[in-house]
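Structure assessment
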Amino acid sequence: MSAGLSVGQVAELAGVTVRTLHHYDEVGLLSPSGRTAAGYRRYSGGDLDRLQRILFYRELGFGLDEIASIVDDPDADAVAHLERQRLLLTERIERLGRMVATVDRTLEAKRLGEALTAEEKLEVFGGYREPEGYSEQAVARWGDTPQWRWARDNRGPMTKEDWEKAEKVRRDWVGRLLSVVDSGAAPGSPAAMDLLEEHRRMLAEFMGECDHELHRHLTELYATDPVQLAFLIREPDQRPGIGRYLADAATANAARYA
């Protein structure tokens, strides 16, 4: 009797079906080295090594024709196969890591910002729509900051009532800001600085902490990023240069408290 393992034993060890092993034999991908006197397949240690390589490349999504070319490469020894497998595994781990990070960002964005339905958002924000995918982008951009983590751990998702209250505060603040801007007051005027100090404290309620330096940095976004500016002041209410006005007023206010 030939030494080696039966097809059933190999199937159990490898976690595949007997039918799979028969198919590999039929297409010439893995033919057992031995046979019993009755003609039954017997697999040697070398056959098992080849099966291991086949299953590895199969797991990585290679087709059987590609796998045959790889494992039959006369210039590839066992070490070369292991090095290739390690490289492919590393690339796959990195790819999966990126996928997990994307899913995590999406989950966090949903948990923090999706308490409202689309209809409720239109109702609460008066027809304003945030850009598609903004929540995920925000998590990717700021999710590792202490302020974001504080909001996640201490504030949690906002209810419709929370958003309605926040929107009322925003509209009131913007109305008073526009009155100051339209009056011709400079960004460094007491009225403008007082409004930016109030804005800083509003942010601190959401972030847990917003010192004057951080506030100055954040308000620079209003001057450079139209999306951020639109969150605070809707486009119909914006004035030419108002983003720069906010940033300059925040800088003047920070200097006042330095």
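Provided above is the structure to which this section pertains.
To keep things clear, this report deals only with the structure shown in the data block. (Residues numbered from 1 in each chain as written. Predicted model: local features only at pLDDT ≥ 70, side-chain atom pairs only at ≥ 80, totals over all residues. Heavy atoms only, no water.)

Right, let's talk about the overall build of the protein for a bit. Helix and strand counts for the protein stand at 13 helices and two strands. When burial is assessed residue by residue, the protein has 35% of its 258 residues classed as buried. Nonlocal contacts in the protein, meaning residues at least 24 apart in sequence, comprise 61% of its contacts between residues at least 6 apart. (Helix = DSSP H or I, 4+ residues; strand = E, 2+ residues; numbered from the N terminus. Buried < 20%, exposed > 50% of the residue type's maximum accessible area, 1.4 Å probe, protein only. Contact = heavy atoms within 4.5 Å.)

A separate point is the side chain of Asn253. If you trace the backbone, Asn253 turns up in helix α13 (residues 242–257). Since its relative accessible area comes to 0%, Asn253 is described here as buried. Side chain to side chain, Asn253 and Glu197 meet in a polar contact 2.8 Å long. Excluding anything up to four places from it in sequence, Asn253 contacts Met193, Leu196, Glu197 and His212. (Polar contact = N/O pair within 3.5 Å; in protein donor to acceptor, adjacent residues only side chain to side chain.)

Quick look at the packing of aromatic side chains now. By the definition in use, this model includes two aromatic pairs. Ring plane angle 75° and centroid distance 5.4 Å describe the contact between Phe56 and Tyr57, whose orientation is recorded as edge-to-face. The exposure class of Tyr57 is buried, given its relative accessible area of 0%. On the basis of an interplanar angle of 75° and a centroid distance of 5.6 Å, the ring pair of Tyr57 and Phe62 is categorised as edge-to-face. No difference in accessibility class separates Tyr57 from Phe62, as the two residues are buried. An aromatic cluster of three or more residues is present, and its members are Phe56, Tyr57 and Phe62. (Phe/Tyr/Trp six-rings, centres within 6.5 Å; stacked < 30°, edge-to-face > 60°.)

It is worth spelling out the side chain of Asp47 at this point. Inspection of the secondary structure puts Asp47 in helix α3 (residues 45–59). No salt bridge is formed by the buried Asp47; its nearest oppositely charged neighbour, Arg50, is found at 6.9 Å. Setting aside residues no more than four positions away along its own chain, Asp47 makes contact with Leu30, Ser31, Pro32, Ser33 and Arg42. (Lys, Arg positive; Asp, Glu negative; His and termini not counted. Salt bridge = Lys/Arg side-chain N within 4 Å of Asp/Glu carboxyl O.)

This next bit is on the environment of Leu232. Its place among the elements puts Leu232 in helix α12 (residues 226–232). Taking relative accessible area as the criterion, Leu232 reaches 7% and is therefore assigned buried. For the pair Leu232 and Tyr222, spaced 10 residues apart in the sequence, the C-alpha separation amounts to 8.5 Å. Beyond its immediate stretch of four places on either side in the chain, Leu232 contacts Arg170, Trp173, Val174, His199, Tyr222 and Leu246.

That is the geometry; function is a separate question.
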